[in-house]
Amino acid sequence: MTVRSFRTLLLLPVFGLLSGCNMVVMNPSGDIALRQRDLIVASTALMLLIIIPVIVATLYFAWRYRQANTEATYDPDWHHSTHLEVMIWSAPLVIVIALGALTWISTHTLDPYRPLSRIDASRPLPEGVKPLVVEVVALDWKWLFFYPDQGIATVNEIAAPVDVPITFKITAATVMNSFFIPALAGQIYAMPGMETKLHAVINKAGMYEGQSANYSGSGFSRMNFRFVGLDKAGFDAWVAKAKAANKPLSRDAYLELERPSEREPVRFYSSVEPGLYGQILNMCAVPGKMCMHEMMAIDAKGGAGKDSHANRARLEYDNRYAERGDEGNAATVGGSGRESHSPEQPQGMKPKSNAPEVKPRGAPETTGHDHSGHGDHGAPADGPKGSDPVAPGQLNK
């Protein structure tokens, strides 16, 4: 056996390993993901129209004009060819124009905020079809799904009927994350205090993998969930199963669920406290915190000026885990104020001191003020739905 044959045999196990790759992105089950797959293929093919000829030409010229080939024409004074220049510049220009047009059209057609216009390539979306609304919350390190029309919630499992449009409303309760079901559609970022959207449809029944596609801490690699495509009867049975759990999701239950944890099992909640998703989105699920829409209403009226210090404690959000002792394993000294996990103190970090805080000269005194939000200058923590927060007194003069 020659050395070349032996090397070829050594490569065979590598090709065997490649057979285990999951090619779900190139073989999706949803129309949006299918069109994104087609875009990848078309873009790759257009670029290969340039890449392959360039590689072949490079190898050909290297072989043709090698030093040992005395039959090749040797012309050291050659410096220009109009025909060659036209070919070199016109071909890439055409490819760039084609890629630009394809990208521009696809960017608008596949905009995740754009409602669907079809079920698949052969079926337009019928008029009057109501989409299934799913509100998604990324937690550490699990996924919470609300079904507002069905009145249920689930953890780490989501289901949808086949050929029914789905409207996802996506946010996060902690750090920035990314919601990704490869068989359904592309990834969409989930950010605290913001709501992103995704419109999609599943065309084949089955069980698919969903995942976090943005690093979010020590539990990131296990932040997975199931997406189940069902027929209408199967989906109705799935909803009935959730309602039969007889387990409501109240605000207190949510705050317990929000604590950082890994490998969470699938859970079903038979009912949801009204307005809970809105409180999560507005970063005020923790009692006593000011909702973002309250803060924005105050800002819209000119701000609270020097009296705004009364609302400071109600606007602190990122330290809630440290206050409850629920930080993840990756918490840093600078972020938590706690001692380092290692015996050596990180360079540039100082442990939290018990010394009294030194305030800048002229800073307002806060001793005696009510920081709970029920003082003279604080907006109400839980006002009527849709009502404007009470603005500071100076704004009403």
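Residues numbered from 1 in each chain as written. Predicted model: local features only at pLDDT ≥ 70, side-chain atom pairs only at ≥ 80, totals over all residues. Heavy atoms only, no water.

The name an unreviewed UniProt entry assigns to the protein chain is Ubiquinol oxidase polypeptide II, from the organism Methylobacterium gossipiicola. A UniProt comment under Sequence similarities (unreviewed entry) is attached to the protein chain, and it reads "Belongs to the cytochrome c oxidase subunit 2 family." Its UniProt record gives the protein chain a comment under Subcellular location (unreviewed entry), which states: "Cell membrane". (UniProt positions renumbered as here; feature names shortened; annotations may be inferred.)

1. Notes on the pairing of strand 5 (residues 152–155)
Of the two faces of strand 5, the one lined by I152 and T154 and the one lined by A153 and V155 are each fully buried. Connecting strand 4 (residues 142–147) to the next strand, strand 5, in antiparallel fashion are four residues, including G151 with a positive phi near 75 degrees. Relative to strand 14 (residues 267–269), strand 5 runs antiparallel, the two sharing three bridges. Along strand 14, the bridge assignment pairs V155 with R267. (Buried < 20%, exposed > 50% of the residue type's maximum accessible area, 1.4 Å probe, protein only. Helix = DSSP H or I, 4+ residues; strand = E, 2+ residues; numbered from the N terminus. Pairing = 2+ DSSP bridges.)

2. Some remarks on helix 3 (residues 82–109)
Residue pairs spaced three or four apart in an α-helix point in one direction, given the helix's 3.6 residues per turn. With 28 residues, helix 3 should cover 40 Å at 1.5 Å per step; its first-to-last C-alpha distance of 40 Å lies within 8% of that length. Buried within helix 3 we find I95, L99 and S106. Buried positions along helix 3 lie against helix 2 (31–64). (Expected span 1.5 Å × (residues − 1). Contact = heavy atoms within 4.5 Å.)

3. Observations concerning the nonpolar core
If you look at the biggest cluster of nonpolar residues, it comprises 41 residues, and the most contacted ones within it are V134, F145, Y147, F168, F179, F227 and W238. Those residues in contact with W238 that lie beyond four places of it in its chain are Y147, I152, T154, E157, I158, A159, L230 and F268. The next biggest cluster of nonpolar side chains, apart from the first, holds 17 residues, and it includes F146, Y254, L255 and L257. (Core = buried A, V, L, I, M, F, W, Y, C linked by side-chain atoms within 4.5 Å.)

4. Here's the deal with a nonpolar patch on the surface
Taken together, the side chains of M47, L48, I51, I52, I55, V56 and L59 define a hydrophobic patch exposed on the protein surface, amounting to about 620 Å² of accessible area. Mapped onto the secondary structure, V56 falls in helix 2. (Patch = residues over 30% accessible without salt bridge, like charges linked within 9 Å, V, L, I, M, F, W, Y side chains within 5 Å. Areas by Shrake-Rupley, 256 points an atom, 1.4 Å probe, with all protein chains shown as cover. Salt bridge = Lys/Arg side-chain N within 4 Å of Asp/Glu carboxyl O.)

5. Structural notes on the environment of L132
Among the structural elements, L132 can be located in strand 3 (residues 132–139). According to the relative accessible area criterion, L132 is buried, its value standing at 6%. Residues L132 and A200, spaced 68 residues apart in sequence, show a C-alpha to C-alpha distance of 10.0 Å. If near-sequence neighbours (up to four positions away) are discounted, L132 is found in contact with Y147, Q150, A159, A160, P161, V164, P165, I166, T167 and F235.

6. Side note on the UniProt feature "transmembrane region" (unreviewed entry) in the protein chain
What UniProt calls "transmembrane region" (unreviewed entry) maps, in this numbering, to residues 39–63 and 84–105. Within the segment residues 39–63, helix and strand shares are 100% and 0% respectively, and the terminal C-alpha atoms sit 36 Å apart. Regarding residues 84–105, the helix share stands at 100% and the strand share at 0%, and the terminal C-alpha atoms are separated by 32 Å.

7. Structural notes on the environment of E157
With respect to the helices and strands, the residue E157 is situated in strand 6 (residues 157–161). Through-space distance from the C-alpha of E157 to that of F145 is 7.8 Å; in sequence the pair is 12 residues apart. Residues in contact with E157, not counting those within four places in the same chain, are F145, F225, R226, V228, W238, V266 and F268. Only 2.4 Å separates the side chain of E157 from the side chain of R226, close enough to count as a polar contact. Side chain to side chain, E157 and W238 meet in a polar contact 2.7 Å long. (Polar contact = N/O pair within 3.5 Å; in protein donor to acceptor, adjacent residues only side chain to side chain.)

8. Brief notes about the packing of helix 2 against helix 3
Where helix 2 meets helix 3, the axes come as close as 9 Å, and the angle between the chain directions of the two elements is 170 degrees. Classified by the interaxial angle, the pair formed by helix 2 and helix 3 is roughly antiparallel. Only A91, P92, I95, A98, L99, L102, S106 and T109 of helix 3 make contact with helix 2, whose side of the interface consists of R35, L39, A42, S43, L46, M47, L49 and I50. Here the contact of helix 2 with helix 3 is built from residues that sort into 12 nonpolar, three polar and one charged. (Axes fitted to C-alpha atoms, helices over the stretch in contact; angles between N-to-C directions. Parallel < 35°, antiparallel > 145°, perpendicular 65-115°, else oblique. Nonpolar A, V, L, I, M, F, W, Y, C, P; charged D, E, K, R; others polar.)

9. Digging into the sheet that holds strand 7 (residues 166–172)
Read across the sheet, six strands follow the order 10-7-3-4-5-14 without closing on themselves; strand pairing throughout is mixed. Edge strands, defined here as strands with exactly one partner in the open sheet, are strand 10 (196–200) and strand 14. Across the sheet, the axes of successive neighbouring strands diverge by a mean angle of 20 degrees, strand direction being ignored. Here seven bridges tie strand 3 to strand 7, and the two strands are oriented parallel to one another. Residue pairing across strands places E135 opposite K169, the latter belonging to strand 7. Relative to strand 5, helix 4 (residues 232–243) is tilted by about 90 degrees, and along the sheet it contacts strand 3, strand 4, strand 5 and strand 14.

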